[in-house]
2 protein chains.
Amino acid sequence: MEYRKIKDEDKVRDSDVESVAVAVNNTVSDGETKVDSHRTQVQWKRKSMVTFALTILTSSQAILIVWSKRAGKYEYSVTTANFMVETLKCAISLVALGRIWNKEGVTDDNRLTTTLDEVIVYPIPAALYLVKNLLQYYIFAYVDAPGYQILKNFNIISTGVLYRIILKKRLSEIQWAAFILLTAGCTTAQLNSNSDHVLQTPFQGWVMAIAMALLSGFAGVYTEAIIKKRPSRNINVQNFWLYVFGMGFNAVAILVQDFDAVMNKGFFHGYSFITVLMIFNHALSGIAVSMVMKYADNIVKVYSTSVAMLLTAVVSVFLFGFHLSLAFFLGTIVVSVAIYLHSAGKMQR
Amino acid sequence: MEYRKIKDEDKVRDSDVESVAVAVNNTVSDGETKVDSHRTQVQWKRKSMVTFALTILTSSQAILIVWSKRAGKYEYSVTTANFMVETLKCAISLVALGRIWNKEGVTDDNRLTTTLDEVIVYPIPAALYLVKNLLQYYIFAYVDAPGYQILKNFNIISTGVLYRIILKKRLSEIQWAAFILLTAGCTTAQLNSNSDHVLQTPFQGWVMAIAMALLSGFAGVYTEAIIKKRPSRNINVQNFWLYVFGMGFNAVAILVQDFDAVMNKGFFHGYSFITVLMIFNHALSGIAVSMVMKYADNIVKVYSTSVAMLLTAVVSVFLFGFHLSLAFFLGTIVVSVAIYLHSAGKMQR
């Protein structure tokens with residue numbers, strides 16, 4: 001893969017904030033600088049918008065899950081819901097593409113047809129997530145659900161490490177410190193009176209948790225690599241191919257896991273208004289993740305979903321009368337400082 | 001007070017680490033640079049040594065307290081013990097001074113006699129600590145002991161803020177971030193299943209906790225101001241005058257609080273081997289605090305005592321079979337990152 005290209009592309013994007021600041025401070029003396037400054041401003045705006053969208057969507061997703069849990073147990077089959085999410089994402093990508101074709105005509109960058117060379121890597125992230133989801137069933141033999149929530153924070157570190165290794169992008173020392181703080185802060189915010197149980201996790205549990213974190217991190221970083229490999233390629237085309245394979249894998253999952261239920265009770269058995277809401281939300285946040293991969297990166301995604309986690313807890317106080325712990329406040333402080341340091345570390349580079 | 005002088009003095013000291021690094025990297029070309037580099041190296045060594053001593057002494061002090069609590073209730077009167085600590089510190093300062101007089105003779109800097117102008121500020125820190133200790137009795141009407149431990153972490157922030165305001169010394173933005181993290185990390189490390197109670201602290205409790213933090217921070221910063229006001233003055237003379245007033249205030253405390261007990265049971269009633277150990281340890285750590293104020297600053301003191309708190313917990317695992325919580329590990333990670341950022345923030349200034 002053209003990692004070099006990805007890396008260089010990214011350098012331009014990474015310095016967006018600084019470029020804008022410089023452009024504002026200096027007198028713009030020639031047309032080229034003006035165009036550059038405009039371009040970086042547009043890029044920065046787009047990056048902020050998709051990040052904001054991801055944060056809100058991820059947060060509301062978690063709230064919908066709490067809501068649906070409060071309403072009772074899942075009565076629909078999860079595999080059909082996942083399939084519907086992928087289908088909806090495909091449909092949304094196609095609609096967006098249709099509008100672009102109407103406006104700009106079909107070009108090399110936005111045509112749906114593809115080469116084997118381009119498409120061959122697209123099933124990989126979906127396959128990785130599938131393996132991760134399979135492992136998820138087995139890890140509960142060693143860890144309880146709240147413990148698993150704690151261990152999932154390994155994802156943050158694994159994403160950072162794989163981002164560095166696979167995409168060969170550098171974080172400054174301050175940014176690494178911020179990343180460690182993000183992990184510690186998120187974990188702290190999730191602490192409850194039973195969290196210490198997680199320290200008694202048997203060795204197999206730790207190994208599986210780390211394996212799952214690596215799989216999840218690798219899937220995320222690999223998706224970024226695929227999407228950034230062809231920077232000029234329209235994101236909706238890239239999304240379409242990602243999601244088509246997602247549909248395929250989820251169709252297999254239905255056949256393996258829920259074939260009988262679907263046959264006896266019907267595909268949409270147990271779907272409620274909230275189920276439909278969750279599917280829409282899930283689809284939109286999936287698209288937001290792709291957008292963040294295209295216009296920002298996995299690091300931004302991790303910060304965004306961490307903030308979403310905190311936001312969910314705060315909103316839950318108002319919606320469900322949840323109780324915020326001292327640990328939550330401390331975790332929030334640490335995460336906030338981490339976000340500040342991530343950007344301060346960038347500026348000082 | 002000659003704050004300007006203090007500030008300039010400090011600038012020299014603050015850049016010790018960098019100076020040493022520069023001196024090592026560059027070829028030392030002339031005698032003056034050589035002397036400079038040697039001086040900064042000596043200063044840096046002294047700073048590290050007193051900081052290390054303070055950390056170990058503070059940590060062992062906490063362990064002795066746990067040990068004595070395990071052994072049973074305090075049977076001696078605390079006021080007489082405090083008086084003995086001050087007396088011992090005075091005695092140690094005098095012995096140290098005697099040796100210096102023998103070696104170097106009596107000079108303007110190491111003579112014990114003083115002017116009213118010099119000595120008039122020395123009772124102030126002792127008086128501030130007295131007020132703080134009085135408040136301590138009343139705060140327990142609003143907060144329980146573990147809650148008070150949590151609220152005491154306000155001391156960290158108040159010390160930083162007063163250090164900035166009174167001593168007019170600057171911390172970089174990264175160092176401020178590190179200071180917030182130090183507070184959050186120490187609090188996280190001390191979390192237990194009952195910590196959330198502290199959030200129900202009534203308003204008066206919060207006000208008193210903040211007042212106590214300000215008093216404690218002010219006393220610390222004021223002590224540094226006194227000691228640094230006369231940089232060439234021998235630290236043992238400065239200590240002697242600080243501790244003489246400490247003795248005075250504690251003598252009053254004995255009269256007010258424990259006069260009857262001392263009259264009926266005797267001054268040293270209930271003293272055990274561990275009581276004597278605690279008095280020695282307390283005296284030595286008091287002297288270490290003064291040394292840190294002289295050769296480093298309040299910020300170093302706060303980091304040092306925070307590390308001591310973590311060290312105590314780890315040592316307690318081995319000594320008393322204590323159990324380390326997940327919160328402790330997370331807090332330790334955050335404190336470690338804070339320490340790194342404090343020094344990284346300094347280097348980038």
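From a predicted model like this one, the values you see are computed outputs, not experimental measurements.

Chemist: Would you explain the overall build of chain A in this entry?
Modeler: When helices and strands are tallied, chain A shows 15 helices and 0 strands. A total of 349 residues make up chain A; the buried ones form 48% of that total. For chain A, the exposed area adds up to about 17,300 Å²; of that, 65% sits on carbon and sulfur atoms.

Chemist: Sorry if this is basic, but what is going on with the confidence of the model for chain A here?
Modeler: Parts of the model with low pLDDT should not have their predicted coordinates read in detail. Residues and elements named next belong to chain A. Mean pLDDT over chain A: 85, with 88% of residues reaching 70 or higher. No element of chain A has a lower mean pLDDT than helix 2 (residues 16-25), which averages 39, and none a higher one than helix 9 (residues 173-189), which averages 95. Confidence over residues 1-28 falls short of pLDDT 50; this stretch has 42 contacts with residues more than four positions distant or in other chains. Reported for the predicted complex are a pTM of 0.84 and an ipTM of 0.83.

Chemist: Would you take a moment to explain the packing of helix 9 of chain A against helix 14 (residues 298-320) of chain A for this structure?
Modeler: When two helices pack together, you describe them by how their axes are tilted relative to each other and by the distance separating the axes. Residue and element names in this part refer to chain A. With their axes 11 Å apart at the nearest point, helix 9 and helix 14 run at an angle of 25° to one another. As summarised for this structure, helix 9 and helix 14 are arranged roughly parallel, according to the angle between their axes. Crossing of helix 9 over helix 14 shows left-handed handedness. Facing helix 9, whose interface residues are Ala178, Phe179, Leu182, Cys186 and Ala189, helix 14 presents Ile299, Val302, Tyr303, Ser306, Met309 and Leu310.

Chemist: Teacher, can you tell me more about helix 4 (residues 78-104) of chain A here?
Modeler: Since there are 3.6 residues in each turn of an α-helix, residues three or four apart along the chain are aligned in direction. All names here are of chain A. The end-to-end C-alpha distance of helix 4 is 39 Å, a good match for the 39 Å that 27 residues give at a rise of 1.5 Å each. Where helix 4 is concerned, the buried positions are Thr79, Thr80, Ala81, Phe83, Val85, Glu86, Leu88, Lys89, Cys90, Ser93, Leu97 and Ile100. For helix 4, the elements touching its buried residues are helix 11 (235-257), helix 12 (259-265) and helix 13 (273-295). Backbone geometry just downstream of helix 4 places Gly105 in the positive-phi region, at approximately 75°.

Chemist: Could you clarify how one ought to interpret the nonpolar core in this entry?
Modeler: It is characteristic of soluble globular proteins that their nonpolar side chains tend to be buried jointly. Ranked by internal contacts, the top residues of the largest apolar core, which has 86 residues, are Leu181(A), Leu182(A), Leu341(A), Leu181(B), Leu182(B) and Leu341(B). Those residues in contact with Leu182(B), other than ones at most four positions away along the chain, are Ile156(B), Val302(B), Tyr303(B), Ser306(B), Val335(B) and Ala338(B).

Chemist: Just to check I follow, could you spell out helix 14 (residues 298-320) of chain B for this structure?
Modeler: Residues and elements named next belong to chain B. Here helix 14 spans 31 Å end to end across 23 residues, near enough to the 33 Å set by a 1.5 Å rise per residue. Where helix 14 begins, one side-chain oxygen reaches toward the backbone nitrogen of Ile299, 3.0 Å away; that side chain belongs to Asp297. Following helix 14 by one or two positions, Gly321 has its phi on the positive side, about 65°.

Chemist: Quick question: what am I supposed to make of the packing of helix 6 (residues 123-139) of chain B against helix 10 (residues 203-229) of chain B here?
Modeler: Residues and elements named next belong to chain B. Helix 10 packs onto helix 6 with a crossing angle of 165° between their chain directions and a minimal axis gap of 9 Å. Here helix 6 is positioned roughly antiparallel relative to helix 10, judged by the angle of their axes. Between helix 6 and helix 10 lies a crossing of left-handed hand. Residue composition of the contact of helix 6 with helix 10, by class: 17 nonpolar, 5 polar and 1 charged.

Chemist: In this structure, what is going on with the interface of chain A and chain B? I would like to understand it.
Modeler: Buried accessible area, meaning the area lost when the parts come together, often serves as the stated size of an interface. Taken residue by residue, the interface counts 30 residues in chain A and 30 residues in chain B. Across the chain A to chain B interface the summed buried area is about 2,300 Å²; carbon plus sulfur atoms make up 78%. Applying the counting criterion to the chain A and chain B interface returns 0 salt bridges. In this structure, the connection of chain A to chain B is made through 4 residue pairs in polar contact (both at pLDDT 80 or more).

Chemist: It is not clear to me how the packing of aromatic side chains should be interpreted in this structure. Could you clarify?
Modeler: Where two aromatic rings form a pair, the distance of their centres and the angle of their planes describe that pair. Counted according to the given criterion, the structure contains 26 aromatic pairs over all chains. Ring geometry for Trp176(B) versus Phe179(B): centroids 6.3 Å apart, planes at 85°, classification edge-to-face. With Trp176(B) and Phe179(B) both in helix 9 (residues 173-189), this residue pair falls 3 residues apart, about one helical turn. Through a chain of ring-to-ring contacts, three or more aromatic side chains come together here, namely Tyr76(A), Phe83(A), Phe267(A), Phe268(A) and Tyr271(A).

Chemist: Looking at this structure, I do not really get the pattern of salt bridges. What am I missing?
Modeler: In a structure, side chains of opposite charge can pair up when their charged atoms sit close to one another. All names here are of chain A. With the rule as written, the count across this model stands at 12 salt bridges over all chains. A salt bridge links Glu224 to Lys169, with the nearest nitrogen and oxygen atoms 2.7 Å apart. Residue Glu224 is located in helix 10 (residues 203-229), and its partner Lys169 is located in the loop between helix 8 (154-166) and helix 9; the two are separated by 55 residues in the primary sequence. A relative accessible area of 0% means that Glu224 is categorised as buried. Connected through shared salt-bridge partners, Lys169, Glu224 and Lys228 make up one network.

Chemist: For this particular structure, what's the right way to read a nonpolar patch on the surface?
Modeler: Taken together, Ile157(A), Val161(A), Ile165(A), Ile180(A) and Ile333(B) make up a surface patch of nonpolar side chains, about 370 Å² in accessible area. Among the elements that line the nonpolar patch, the one with the most residues is helix 8 of chain A, at 3 residues. Within the secondary structure, Ile165(A) is located in helix 8.

Chemist: So what exactly am I meant to see when it comes to the environment of Asn236(B) here?
Modeler: Residues and elements named next belong to chain B. For Asn236, the position within the fold is in helix 11 (residues 235-257). Take Asn236: its relative accessible area is 10%, and that puts it in the buried class. Between the C-alpha atom of Asn236 and that of Arg111, which follows or precedes it by 125 residues, the distance is 9.9 Å. Residues contacting Asn236, with those up to four places away along its chain left out, are Ser93, Ala96, Leu97 and Ile100.

Chemist: Before we go on, may I ask you to explain unusual backbone geometry in this structure?
Modeler: In most cases, non-glycine residues show a negative phi, while peptide bonds are predominantly trans. Even without glycine at this site, Lys168(A) takes up a positive phi of about 55°. Of note, Lys168(A) is situated in the loop between helix 8 and helix 9.

Chemist: Would you explain the relation of the copies chain A and chain B in this entry?
Modeler: Structural alignment of chain A on chain B gives an RMSD of 0.1 Å, achieved by rotating through 180° and translating 0.0 Å along the axis. Look at the turn and shift together and you get a two-fold axis relating the two. Of every C-alpha in chain A, the one belonging to Ser193(A) sits nearest the axis of rotation, 2.6 Å from it. Taken as a fraction of all interface residues of chain A, those also at the interface in chain B reach 100%, which identifies the copy contact as same-surface.

Chemist: I would appreciate a short explanation of the side chain of Ser216(A) in the present structure.
Modeler: Residues and elements named next belong to chain A. Relative to the helices and strands, Ser216 resides in helix 10. We classify Ser216 as buried; its relative accessible area is 14%. Not counting residues within four places of it along the chain, the set of residues in contact with Ser216 comprises Tyr129, Lys132 and Asn155.

Chemist: How do you make sense of the side chain of Lys169(B) when you look at a structure like this?
Modeler: Judged by relative accessible area, which is 3%, Lys169(B) ranks as buried. A distance of 2.7 Å separates polar atoms of two side chains, one belonging to Lys169(B) and the other to Glu224(B).

Chemist: How should the environment of Ala261(A) be read in this particular structure?
Modeler: Within the secondary structure, Ala261(A) is located in helix 12. In this structure Ala261(A) comes out as partly exposed when scored by relative accessible area, which is 30%.

Quick notes on the rules
Residues numbered from 1 in each chain as written. Chains lettered and ligands numbered in written order. Predicted model: local features only at pLDDT ≥ 70, side-chain atom pairs only at ≥ 80, totals over all residues. Heavy atoms only, no water. Helix = DSSP H or I, 4+ residues; strand = E, 2+ residues; numbered from the N terminus. Buried < 20%, exposed > 50% of the residue type's maximum accessible area, 1.4 Å probe, protein only. Areas by Shrake-Rupley, 256 points an atom, 1.4 Å probe, with all protein chains shown as cover. pLDDT = per-residue confidence, 0-100. Contact = heavy atoms within 4.5 Å. Axes fitted to C-alpha atoms, helices over the stretch in contact; angles between N-to-C directions. Parallel < 35°, antiparallel > 145°, perpendicular 65-115°, else oblique. Left-handed = near helix turned anticlockwise from the far one by under 90°. Expected span 1.5 Å × (residues − 1). Core = buried A, V, L, I, M, F, W, Y, C linked by side-chain atoms within 4.5 Å. Polar contact = N/O pair within 3.5 Å; in protein donor to acceptor, adjacent residues only side chain to side chain. Nonpolar A, V, L, I, M, F, W, Y, C, P; charged D, E, K, R; others polar. Buried area = accessible area lost by both parts, 1.4 Å probe. Salt bridge = Lys/Arg side-chain N within 4 Å of Asp/Glu carboxyl O. Phe/Tyr/Trp six-rings, centres within 6.5 Å; stacked < 30°, edge-to-face > 60°. Patch = residues over 30% accessible without salt bridge, like charges linked within 9 Å, V, L, I, M, F, W, Y side chains within 5 Å. Least-squares fit on C-alpha atoms with pLDDT ≥ 70 in both.

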